[in-house]
Amino acid sequence: MSEAILTLNAGSSSIKFALFTFNHALTNIAHGEMADIGDIPHFSIHGPHGELLLEKSWPHGEALSHEDLLGPVLEWVDQHLGGTKLAACGHRIVHGGDIFTAPTRLDQTALEKLATLDPLAPLHEPHNIAAIRAALALRPGLPQIGCFDTSFHKTMPAVATRFALPRNLRNEGVRRYGFHGLSYEYIAGQLHSTAPDVASGRVIAAHLGNGASACAMSNGQSVDSSMGFTALDGLIMGTRTGTLDAGVLLYLMQAHSMSADEITDIVYKKSGLLGISGISADMRVLLASKAPEAAEAVESFTYAAAQHIAALVVPLGGLDGLVFTAGIGEHSPEIRAAICARLQWLGIAIDPLANAKNAPVISKAASAVEVMVIPTNEEAMIARHCVALLAQHSIDQATPDVLALRT
Ligand code: ADP
């Protein structure tokens, strides 16, 4: 009998969700988004081919909690599933710290531990936790499974995790963790089935979305990441600074008397592409703009991306494959070309026609590095983890289909 998994990815102003059934395989049957929480909240649900299944909005200014928003979604899920049982709800959680290094069933005790990590991901973690609390309140018996963006990077060697700070800070968890792990884990799996030779070698994946990072993988395992203690480090992002001289923070505190909250607001929400351009955090808008400030933002983005990718060649000792993924990585030939142009010295040569078509392989046959475009699917990764964890917990009752999905 088939069962279903609902995945939730809760941010500050939106909750994205996806619904999967699993029997012989996982099948996505719907996905949707509740957006503009706190402004004009609305939600829409689409079928697997993008067809609109449901749309609903609330009056302007109505303040809705995560619970208010999740309630109608769960009701719709029950109706849509008919007799199919919802077996679990899987949550994308940005930071697992040293405490959560694998998908975990979350109860009140686990949530309290998770809440201690709020300061490490202030833009994400509180919203992730609010959605889990809402789901627990609405469906007390339904397993809530946390899947962490940091888990995939637990294979990073100690040297890649170390800051040059006093040892006592390291002992309290101040170290580099790495993020976007669900995306990289999915990419590693896709590579393994579509390009096993590359997958078993030295690969850098660049997740270029509103958040952006790069990950060095050796034989499918993370060995380093451009992101560190928080998801603020590394590449320039939509509104986040990326790597920033810590002296700038000291300057803001000393010369501008800024508080931690004010600095958090600047480095997480007002910087990156938005900060440089003064126009938008959205790459499509910047690419379409004729303003020199937009061009500067794009130039800085590609410069920083190429720099971080190059730095990640060090732990790998060379490069066999480069993968572009997420909104910008999957859809922008212009950005991929600009980054690859700065990496030609690595033997990277892209085929302009394949690049223009967002083809799966965009490098020339003679390129020393195979350059690929692979759409990511963090929701599918969460659903797979949920199925695996459910099977682990009920191995005696698990059907052969569920057991097959564990691998
Ligand atoms: P998130 O990190 O929120 O999941 P996405 O992975 O959806 O973000 O990426 C969003 C980014 O992708 C935005 O900057 C958007 O402009 C960019 N993007 C989407 N499509 C294109 C495109 N065709 N060309 C350039 N940028 C694009």
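Higher on the page you've got the structure.
Residues numbered from 1 in each chain as written. Predicted model: local features only at pLDDT ≥ 70, side-chain atom pairs only at ≥ 80, totals over all residues. Heavy atoms only, no water.

1. Describing the site of the ligand
Then, in step 1: The environment of the ligand is formed by 14 residues, the closest being Asn210, Asp282, Met283, Arg284 and Gly327.
Then, in step 2: Asp282 places a polar side-chain atom, nitrogen or oxygen, 2.3 Å from an oxygen atom of the ligand.
Then, in step 3: Taking His331, its main chain carries an N or O atom lying 3.4 Å from a nitrogen atom of the ligand.
Then, in step 4: Computed on the free molecule, the ligand has an accessible area of 580 Å², of which 73% lies beneath the protein chains in the complex.
Then, in step 5: Listed by contribution, the elements that provide at least two residues to the shell around the ligand are helix H11 (283–288) and helix H13 (326–331).
Then, in step 6: If you tally residues by element for the shell around the ligand, the top one is H13, at 4 residues.
Then, in step 7: Residue composition of the shell around the ligand, by class: 5 nonpolar, 6 polar and 3 charged. (Near = heavy atom within 4 Å. Polar contact = N/O pair within 3.5 Å; in protein donor to acceptor, adjacent residues only side chain to side chain. Areas by Shrake-Rupley, 256 points an atom, 1.4 Å probe, with all protein chains shown as cover. Helix = DSSP H or I, 4+ residues; strand = E, 2+ residues; numbered from the N terminus. Nonpolar A, V, L, I, M, F, W, Y, C, P; charged D, E, K, R; others polar.)

2. Structural notes on the nonpolar core
Then, in step 1: Core analysis: the biggest nonpolar cluster contains 47 residues, and Ile204, Leu208 and Leu322 have the highest contact counts within it.
Then, in step 2: Those elements giving two or more residues to this core turn out to be strand E9 (202–208), strand E10 (212–218), H11, helix H12 (292–316), strand E12 (321–325), helix H14 (333–341) and strand E13 (370–373).
Then, in step 3: With 12 residues, the single largest contributor to this core is H12.
Then, in step 4: The contacts of Ile204, once residues within four sequence positions are left out, are Ala214, Cys215, Ala216, Ile309, Leu312, Val313, Leu316, Leu319, Gly321, Leu322 and Val323. (Core = buried A, V, L, I, M, F, W, Y, C linked by side-chain atoms within 4.5 Å. Buried < 20%, exposed > 50% of the residue type's maximum accessible area, 1.4 Å probe, protein only. Contact = heavy atoms within 4.5 Å.)

3. A few points about the pattern of salt bridges
Then, in step 1: Enumeration according to the criterion identifies 9 salt bridges in this entry.
Then, in step 2: One salt bridge connects Glu378 with Arg92, and the closest N-O pair in it is separated by 3.8 Å. A residue pair is termed long-range when its members are at least 10 positions apart, and Glu378 in helix H16 (residues 378–393) and Arg92 in strand E6 (residues 85–93) qualify at 286 residues. Across the pair, Arg92 and Glu378 agree in class, each one buried.
Then, in step 3: Across the pair Arg175 and Asp98 runs a salt bridge whose closest N-O atoms are separated by 2.8 Å. Of this pair, Arg175 sits in the loop between helix H5 (167–171) and helix H6 (181–194) while Asp98 sits in the loop between E6 and strand E7 (104–105), and the two are 77 residues apart along the sequence.
Then, in step 4: Residue class for Arg175 comes out buried when judged on its relative accessible area of 15%.
Then, in step 5: The network of salt bridges with shared partners includes Arg92, Asp149 and Glu378. (Salt bridge = Lys/Arg side-chain N within 4 Å of Asp/Glu carboxyl O.)

4. A short note on the packing of helix H2 (residues 108–115) against helix H3 (residues 125–138)
Then, in step 1: In the contact formed by H2 and H3, the axes pass within 10 Å of each other and the chain directions differ by 170°. Classified by the interaxial angle, the pair formed by H2 and H3 is roughly antiparallel. Relative to H3, H2 is oriented so that their crossing is left-handed. Here Gln108, Leu111, Leu114 and Ala115 of H2 lie close against H3, whose contacting residues are Glu125, Ile129, Ile132, Arg133 and Leu136.
Then, in step 2: Broken down by class, the residue content of the contact of H2 with H3 amounts to 6 nonpolar, 1 polar and 2 charged. (Axes fitted to C-alpha atoms, helices over the stretch in contact; angles between N-to-C directions. Parallel < 35°, antiparallel > 145°, perpendicular 65-115°, else oblique. Left-handed = near helix turned anticlockwise from the far one by under 90°.)

5. Regarding the side chain of Gln144
Then, in step 1: As for its placement among the helices and strands, Gln144 is situated in strand E8 (residues 144–148).
Then, in step 2: A distance of 2.6 Å separates polar atoms of two side chains, one belonging to Gln144 and the other to His91.
Then, in step 3: Once residues within four sequence positions are removed from consideration, Gln144 is found in contact with Cys89, His91, Thr104, Arg105, Leu106, Ile132, Ala135, Leu136 and Arg139.

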